[in-house]
Amino acid sequence: MKTLRKIGIALAAAGLLPLAAQADEIVLKVHHFLPPSSPTHTLILQPWCDKIAAESKGRMKCQIYPSMQLGGTPPQLIEQVRDGVADVVWTLPGYTAGRFPSLEAFELPFMMQSPEATSKALWEYTQQFSQQEFKDYKPLAFHVHGDGVFHMTSKPIKTTADLRGLKLRAPTRMTNKFIAMLGATPVSMPVPQVGDALSKGVIDGAVVPYEVVPSLKIHELVKFHSETDPAEAAFYTATFVLAMNKAKYEGLPADLKKVIDANSGLALSAAAGRAFLQADATGKKFTAKNTTNVIPASELATWKKLGERLSADWIKDMDAKGANGAQMLDTARKLIAKHAASQ
């Protein structure tokens, strides 16, 4: 046995048997719910993994598992990273309704116009208001997607009246409530289920950004795409988190922690927002053969009044939880305006 060990050490020293390198290498299991062709995978997660591999000189790498390949459902991702089933996940906190209520300030109607600026604002906001909610995690980034768009099977949305009686998919508690206020019936489901629901007629349409259109083939399942006036803030956006298992992060050597720290925070959040804006432009091209219309600002004025009511209700909910809802929403708006002005 001693002889074999000496041979192994000699081979490793000669570079023929990289035992030490293998022992030191840390592989992070990265889990998400979209396909590997999605912009989330190609524009956010893969570049992030490439950077930490390069900056750690190969000591820390990723194994990305798209499309829920580690099992479970999209709403379970946040628990998977907390419990160590995955080391890093990308997900919507809103898939677990009511669990991360502080983030809902950014999911209220007409908050976001620039995904990059709003993602920067969201990161700053979470450092002030969301620490307790994420105490069991190591958040690496928070970001939003681009403008939400109505993707409809049978008719476009031009006025509030067009929404009455329709079944619409939406991602979060706030957007579901807003859709109900507009007269439609909200149907909550993770985005991977949207294609099947559209094809089977379970829903009449879905609100998602253009970014996900190609990966879900939404352009093949609907005929109409209704946008809100681009001069106005989006009628909805959703918040996302890239989160790491806290124990996994804390167990890293100090130099590898620095690599993670250098590739997280405000800059990564902003990069994710930019990537989603880029992906929206690409995704929209797939809808060229369908009919697209713009809901005018005059119609949106009515929607904004309903949005103000929803915001007031959210403030009351937060106050009932012992928080200062008005301060939180005011801070969110000021941070968004600050970062938008600096672009």
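Up top is the structure.
In what follows, the accompanying structure is described. (Residues numbered from 1 in each chain as written. Predicted model: local features only at pLDDT ≥ 70, side-chain atom pairs only at ≥ 80, totals over all residues. Heavy atoms only, no water.)

### Looking at the overall build of the protein chain
In terms of helices and strands, the protein chain carries 14 helices and 11 strands. Taking 343 residues into account, the globule formula puts the C-alpha radius of gyration at 20 Å, and the protein chain, at 22 Å, falls close to it. The buried share of the protein chain, reckoned over its 343 residues, is 53%. Taking all contacts inside the protein chain whose residues are at least 6 apart in sequence as the whole, residues at least 24 apart take part in 76%. In the protein chain, the 39 positive side-chain charges and the 32 negative ones have mean positions that sit 4 Å from each other. (Helix = DSSP H or I, 4+ residues; strand = E, 2+ residues; numbered from the N terminus. Rg over C-alpha atoms; globule rule 2.2 N^0.38 Å. Buried < 20%, exposed > 50% of the residue type's maximum accessible area, 1.4 Å probe, protein only. Contact = heavy atoms within 4.5 Å. Lys, Arg positive; Asp, Glu negative; His and termini not counted. Charge placed at Lys NZ, Arg CZ, Asp CG, Glu CD.)

### Brief notes about the pattern of salt bridges
Taken as a whole and judged by the stated rule, the model has 15 salt bridges. For Glu-79, the salt bridge is made with Arg-99, and the minimal N-O distance between the two is 3.5 Å. Of the two residues, Glu-79 sits in helix 4 (residues 77-83) while Arg-99 sits in the loop between strand 3 (88-91) and helix 5 (115-129), which places them 20 residues apart along the sequence. Residue classification places Glu-79 among the partly exposed residues on the basis of a relative accessible area of 33%. Overall, the relative accessible area of 28% leaves Arg-99 in the partly exposed class. Put simply, Glu-124 and Lys-338 hold a salt bridge, and the shortest N to O gap is 3.0 Å. Here Glu-124 is found in helix 5, whereas its partner Lys-338 is found in helix 14 (residues 325-341), with 214 residues between them in sequence. One salt-bridge network, held together by shared partners, links Glu-116, Lys-120 and Arg-274. (Salt bridge = Lys/Arg side-chain N within 4 Å of Asp/Glu carboxyl O.)

### Overview of the packing of aromatic side chains
This model, assessed by the stated rule, comprises 17 aromatic pairs. Ring geometry for Trp-123 against Phe-142: centres 5.8 Å apart, planes inclined by 45°, an arrangement best described as tilted. Remark: Phe-142 occurs in strand 4 (residues 137-144) and Trp-123 occurs in helix 5; sequence separation between them is 19 residues. Summarising the aromatic geometry, the rings of Phe-235 and Trp-303 are spaced 6.2 Å apart at their centres and angled 80° between planes, so their arrangement reads as edge-to-face. (Phe/Tyr/Trp six-rings, centres within 6.5 Å; stacked < 30°, edge-to-face > 60°.)

### Describing the sheet that holds strand 6 (residues 167-170)
Read across the sheet, six strands follow the order 7-6-8-5-9-11 without closing on themselves; strand pairing throughout is mixed. Edge positions in the open sheet fall to strand 7 (185-188) and strand 11 (291-295), since each of these has one partner strand only. Strand-to-strand, the axes of this sheet are offset by a mean angle of 25°, without reference to chain direction. Two strands pair when backbone bridges link them, and strand 6 and strand 7 are joined in this way by four bridges, in the parallel orientation. Bridged to Leu-168 within strand 7 is Pro-186. (Pairing = 2+ DSSP bridges. Axes fitted to C-alpha atoms, helices over the stretch in contact; angles between N-to-C directions.)

### Focus: the sheet that holds strand 2 (residues 60-65)
Two strands in a sheet stick together by hydrogen bonds in their backbones, pointing the same way (parallel) or opposite ways (antiparallel). With mixed pairing, the five strands of this open sheet are ordered in space as 2-1-3-10-4. Edge strands, defined here as strands with exactly one partner in the open sheet, are strand 2 and strand 4. The average undirected angle you get between the axes of adjacent strands in this sheet is 20°. Pairing of strand 3 with strand 10 (residues 239-245) involves four bridges; the strand directions are antiparallel. Of the residues in strand 10, the one forming a bridge with Val-89 is Ala-243. Running at roughly 150° to strand 4, helix 5 makes contact with strand 4 and strand 10 of the sheet. Helix-sheet contacts for helix 11 (residues 254-262) involve strand 1 (26-31), strand 2, strand 4 and strand 10, and the interaxial angle to strand 2 is about 55°.

### Comments concerning the state of the cysteines
With the rule as written, the count across this model stands at one disulfide. Disulfide partner of Cys-49: Cys-62, at an S-S distance of 2.3 Å. A torsion of -90° about the S-S bond marks the disulfide between Cys-49 and Cys-62 as left-handed. Here Cys-62 lies in strand 2 and Cys-49 lies in helix 3 (residues 39-55), a separation of 13 residues in the sequence. Residue Cys-49 is classed as buried on the basis of its relative accessible area of 4%. (Disulfide = S-S within 2.5 Å.)

### Side note on the environment of Gly-325
Following the sequence through the fold, Gly-325 ends up in helix 14. For the pair formed by Gly-325 and Thr-153, sequence separation is 172 residues and the distance between their alpha carbons is 38 Å. With residues up to four places along the chain from it excluded, the contact list for Gly-325 reads Trp-314, Ile-315, Met-318 and Asp-319.

### Some points on empty space enclosed by the protein
One pass over the structure, following the stated rule, counts two cavities of 30 Å³ or more. In this structure, the largest cavity encloses a volume near 120 Å³. In this structure, the largest cavity is lined by 17 residues; those nearest its centre are His-145, Val-191, Pro-209, Val-212 and Phe-240. Of the residues belonging to the lining of the largest cavity, the class tally is 14 nonpolar, one polar and two charged. Estimated volume of the second largest cavity: approximately 60 Å³. Residue lining of the second largest cavity: 13 residues in total, with Pro-93, Gly-94, Phe-100, Glu-104 and Glu-107 positioned closest to the centre. Taken together, the residues of the lining of the second largest cavity sort by class into five nonpolar, four polar and four charged. (1 Å grid on protein atoms, 1.4 Å probe; cavity = no way out; pocket = protein on both sides within 12 Å on 5 of 7 lines; lining within 4 Å. Points joined across faces, edges and corners; volume = space filled by probe spheres on them. Nonpolar A, V, L, I, M, F, W, Y, C, P; charged D, E, K, R; others polar.)

Structural measurements only, silent on function.
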